[in-house]
Amino acid sequence: MSIQQTDTPASSPIANDAGMSPLHKAIFLGLLAFLVVLPFMVYPVFAMKIMCFALFAAAFNLLLGFGGLLSFGHAAYFGGASYVAAHAAKVWGLTPELAVLSGAAAAAFLGLIIGSLSIRRQGIYFAMVTLAFAQMVYFVALQAEFTGGEDGIQSVPRGKLFGLISLEDNISLYFFVLALTFGGILFLYRVVHSPFGQVLKAIRENEPRAISLGYDVNRYKLIVFVLSATFAGLAGATKSQVFQLASLTDVHWAMSGEVVLMTLLGGMGTVFGPILGAAMIVTMQNYLATFGAWVTVIQGVIFVIGVLLFREGIIGVISRWLKRPL
Amino acid sequence: MFELLGISPQVLLGQLLLGLINGAFYAILSLGLAVIFGLLNIINFAHGALYMAGAFVAWILLHYLGIGYWPALILAPLIVGAFGIVLERTMMSRLYKLDHLYGLLLTFGLALIIQGLFRNYYGISGLPYQIPSQLSGGQNLGFMFLPNYRAWVVVASIVVCFGTWFMIEKTRLGAYLRAATENPALVSAFGINVPLLITLTYGFGVALAGFAGVLAAPIYSVNPNMGADLIIVVFAVVVIGGMGSILGAIITGYMLGIVEGLTRVFYPEGSAVVIFVIMAIVLLIKPEGLFGKEAR
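Within each chain, residue numbers correspond to sequence positions counted from 1 in written order. Chain letters and ligand numbers both follow the written order, the letters beginning at A and the numbers at 1. Totals for whole chains, interfaces and linings use all residues, but because this is a predicted model, local features are given only for residues with pLDDT of at least 70 and pairs of side-chain atoms are given and counted only at 80 or more.

So, on to the overall build of chain B. A run of DSSP states H or I qualifies as a helix once it reaches four residues; a run of E qualifies as a strand once it reaches two. Both are numbered from the N-terminal end. Within chain B, the regular secondary structure consists of 11 helices and 2 strands. In sequence order, the secondary structure elements of chain B are arranged as α-α-α-α-β-β-α-α-α-α-α-α-α. For chain B, the spread of C-alpha atoms along the three principal axes comes to 65 × 50 × 35 Å. Residue pairs in contact within chain B that sit at least 24 positions apart in sequence constitute 75% of those at least 6 positions apart. A residue pair is marked as a contact if its C-beta atoms, positioned from the backbone, fall within 7 Å.

What follows is the structure, given as structure tokens:
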């Protein structure tokens, strides 16, 4: 069972695999231009937080929107990678790029183990299994030595990129984060618009048929799961470098819920939906931070409204109006 | 007295009792999830939040209206059940034609709202709830001390679980329910009001969660977060048991509570994750769950 996207244009086949559609190219270029000037307009750390979550949501969307698999435990890879990256930078003294990569590698490994177990069940069972494994990762993070329990790993050094360029300054760190997250999102875009991505969509739409056509469905599911976990991990590892902190918040189930919300709000199965959804949720949290638990209530209300009235998400609706996949 | 691997029987039996009590809550909650899932095909993520709401309703009844534990044991599940019926009629009923995952997302959102609201008004420190006077104190069994209230929790949960099983498997209403689970279209063709049956089933499943909440109130402090972590463990219990059978859900609940208690004796660090490890093993050996029937 999978989330059906019968009327979103995003599921329409894209004949030309060789390149990006001109519209998408224009949007990506506009977005890049905007992001280059953004740190001079808003607080760079805030902008970096949005970019990390945009990559996280895009990675999650690869699994849900294109693979049709609802994981309710993506915090495990996001938070797990942030712990590993923080540990690598602080204790092993690795340079930022290696710390981030080791975080992503750890998330890939975790995704391989959890993914190979979880794909044995489908539909809502899959969601419950991934949630339960993520909770197990949470308990490990709570009890293990190297994670620092309730305190987390604090004051992680930002270090020098390639051992040369200091990232202490927010602006230089910003462009490091921009390169990682934007590059990550472009890579995910490429995956979706590749023959592999087409097979994924075929499995999402009709799994028995994909099997009868000779595709090893479970292998595809596992690969997309690991890819999604890896890039979720890349996002989490990058976030730990930005905030110089890895904490239990990032592995908690509420984080798994947040990424679902971002993707749902922006539009699952769209290219730009998760980016917009992440920007909106992070901005909302930023402005409503003083209201405490009301943030949770508002997120819950957005969830309910989104599911009942607005299942296509914002970009999904715009995409339907324009009759173009976005 | 015997000693087992250097562990005194007092410790062992004490932890077994704790495990049995946790198991009682797992059993009632996973039973409610299984009943709801059978007919609605929805995994009720709000189950933990409604369990917490049950405990809070009991506390509110006592502190604002002076209504004690025993009436609350009936009233709180009714109130929570009625609330559940409103949710089902106004929201969930719109989603039955869609993918089941939307039901999960909707109830997740509802859980966030309910938890957030209670957290706003009552904080997260937890509120005490007195054990009713009839059940305070305990029995000295010679080898261990058995608090009366804990014994009551185990007995009450067994009675409720057995009662639910009896109602579903042995009564006419239960037969309708099982038939509607198999084939709703055919059952409604025989003149049975299936939407009403669905609504009542959801109300009943949720009322079970409210009942568990009242039972839990004197043991754990009444806390807005009490349901959130519990429900994830209950999900693992449901995956292990498989939702095919009512009795399976009950047995798996108690069994895993006891396993967790034993782990706390022999390897305390592992007690928080043992159920998830068992889930991994079950997924490897029998992916459909111990009592599961469906293909996958």
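Helix and strand content of chain A: 13 helices and 2 strands. As defined in this context, the radius of gyration uses C-alpha atoms, and a globule is described by 2.2 Å times the residue total to the power 0.38. In terms of overall dimensions, chain A is globule-like: its C-alpha atoms have a radius of gyration of 19 Å, near the 20 Å expected for 326 residues. With respect to the principal axes defined by its C-alpha atoms, chain A has extents near 50 × 40 × 40 Å. A residue is called partly exposed when the number of other C-beta atoms within 10 Å of its own lies between 12 and 20, exposed at 12 or fewer, and buried at 20 or more, with C-beta atoms placed from the backbone. By the burial criterion, 53% of the 326 residues in chain A qualify as buried.

Its identity as a non-glycine residue notwithstanding, S155 of chain A has a phi of 40°, on the positive side. In this fold, S155 of chain A is placed in the loop between helix 5 (123-143) and strand 1 (160-161).

Now for the environment of M284 of chain A. Residues and elements named next belong to chain A. Turning to its location among the elements, M284 is positioned in helix 11 (residues 273-288). On the neighbour-count criterion, M284 (15 C-beta atoms within 10 Å) is partly exposed. Once the C-alpha coordinates of M284 and I298 are considered, the two residues, 14 residues apart in sequence, prove to be 9.5 Å apart.

Below, the discussion takes up helix 13 (residues 313-322) of chain A. Turn by turn, an α-helix covers 3.6 residues, leaving residues three or four places apart pointing in a common direction. All names here are of chain A. Listed in full, the buried residues belonging to helix 13 are G313, I315, G316 and S319. Along the axis of helix 13, the buried residues cluster in a sector spanning 110°; they form a single face. Along helix 13, the residues that are exposed and aim more than 90 degrees away from the buried face are W321 and L322. Here, the arc refers to the directions that run from the helix axis to the C-beta atoms.

Of all hydrophobic cores here, the largest spans 202 residues; its most connected members are L55, F56, M128 and A132 of chain A together with I28, A236 and M279 of chain B. With near-sequence residues (within four places) excluded, I28 of chain B lies in contact with S157, V160, C161, L208, F211 and A212 of chain B. Remark: nonpolar core denotes a set of buried Ala, Val, Leu, Ile, Met, Phe, Trp, Tyr and Cys residues whose joining runs through C-beta atoms within 7 Å.

Turning to the confidence of the model for chain B, a few remarks are in order. For every residue, the predictor states its confidence as a pLDDT score lying anywhere from 0 to 100. Averaged over chain B, the pLDDT score is 88; the fraction of residues at 70 or greater is 97%. Taken over the whole predicted complex, pTM reads 0.89, whereas the ipTM for its chain interfaces reads 0.87.

The interface of chain B with chain A comprises 35 residues on the first partner and 37 residues on the second. The set of elements that each furnish at least two residues to the side of chain B that touches chain A consists of helix 4 (100-122), helix 9 (226-241) and helix 11 (274-285) of chain B. Looking at the side of chain B that touches chain A residue by residue, the class counts come to 25 nonpolar, 5 polar and 5 charged. When residues are grouped by polarity, Ala, Val, Leu, Ile, Met, Phe, Trp, Tyr, Cys and Pro land in nonpolar, Asp, Glu, Lys and Arg in charged, and all others, Gly among them, in polar.

Turning to the confidence of the model for chain A, a few remarks are in order. For chain A, per-residue confidence averages 89 on the pLDDT scale, and residues scoring 70 or more make up 94% of the total. This stretch, residues 4-17 of chain A, has a pLDDT under 50; its non-local contacts, to residues over four places away or in other chains, come to 25 contacts.

This brings us to the packing of helix 2 (residues 47-65) of chain B against helix 9 of chain B. Residue and element names in this part refer to chain B. The contact between helix 2 and helix 9 brings their axes to 7 Å, and the two run at 140°. In terms of axis orientation, helix 2 runs oblique to helix 9. Crossing angle aside, the handedness with which helix 2 passes helix 9 is right-handed. Of the residues in helix 9, those in contact with H47, G48, A49, Y51, M52 and A55 of helix 2 are M226, G227, A228, L230 and I231. Among the residues forming the contact of helix 2 with helix 9, the class breakdown is 8 nonpolar, 3 polar and no charged. Lines are fitted to the C-alpha atoms to define the axes, a helix being fitted only along its stretch in contact, and any angle between axes, read from their N-to-C directions, falls within 0 to 180 degrees. Throughout, the term roughly parallel applies to angles under 35 degrees, roughly antiparallel to angles over 145, roughly perpendicular to angles from 65 to 115, and oblique to all others. Should the near helix be turned anticlockwise from the far one by less than a right angle, the crossing is termed left-handed; should it be turned clockwise, right-handed.

The next point concerns the packing of helix 2 of chain B against helix 4 of chain B. All names here are of chain B. Where helix 2 contacts helix 4, the two axes come as close as 9 Å, and the packing angle between them is 30°. By the angle class used here, helix 2 and helix 4 are roughly parallel. Here the hand of the crossing between helix 2 and helix 4 comes out left-handed. Together, G48, A49, M52, A53 and F56 of helix 2 and A111, I114, Q115 and F118 of helix 4 make up the contact between the two elements. A per-class count over the contact of helix 2 with helix 4 returns 7 nonpolar, 2 polar and no charged.

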